[in-house]
Amino acid sequence: MDFQDFLRHQFAQVVIGEFKPGKFEAAKKLYEEAVLTYNNGFKAAYLLQEPGTDKGISVIFWESVEDMTANQNEAYQHILKQMMPLFAHPPQTTTYELVCEMKSAEKEDKVD
């Protein structure tokens, strides 16, 4: 890893939406299928659910916006078409640049 690697930032695609009552589980399965289609540049995916509701937030991290766009292939589009009728309202999608990352400094358990 060289100095230029530290200057590159990841990007996150954030989708906020609400599914029709009782449709979150079906949407979760389709989300998992969609993520499995991702290749180059994909870093991580998180699906969050507001407890007791059908509201959720998806956060998908990419190395670049170009990678994010390139992964919206035919298989992804097919799964998205299946997911769209599950939404109560069209979801809000935004792309963010990761500008600060901090991780826990958890203590490692030592085995003597």
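Definitions and cut-offs
- Residues numbered from 1 in each chain as written.
- Predicted model: local features only at pLDDT ≥ 70, side-chain atom pairs only at ≥ 80, totals over all residues.
- Heavy atoms only, no water.
- Buried < 20%, exposed > 50% of the residue type's maximum accessible area, 1.4 Å probe, protein only.
- Helix = DSSP H or I, 4+ residues; strand = E, 2+ residues; numbered from the N terminus.
- Pairing = 2+ DSSP bridges.
- Core = buried A, V, L, I, M, F, W, Y, C linked by side-chain atoms within 4.5 Å.
- Contact = heavy atoms within 4.5 Å.

1. Section: the pairing of strand 3 (residues 55-62)
With six of eight residues buried, strand 3 lies mostly within the body of the structure. When strand 2 (residues 42-49) meets strand 3, the two strands line up antiparallel, connected through seven bridges. Its bridge partner lying in strand 3, Phe42 is registered against Trp62. The turn joining strand 2 and strand 3, which pair antiparallel and follow one another in sequence, is formed by five residues; a positive phi near 75° is taken by Gly52.

2. Focus on the nonpolar core
Within the largest apolar cluster, 16 residues are counted, with the highest numbers of intra-cluster contacts made by Phe19, Tyr38 and Met83. Counting only elements with at least two residues in this core, the list comes to helix 2 (24-36), strand 3 and helix 4 (74-83). Top element by residues in this core is helix 2. It accounts for six residues. The contacts of Tyr38, once residues within four sequence positions are left out, are Ile60, Trp62, Asn71 and Tyr76.

So yeah, pure geometry; function would need other evidence.
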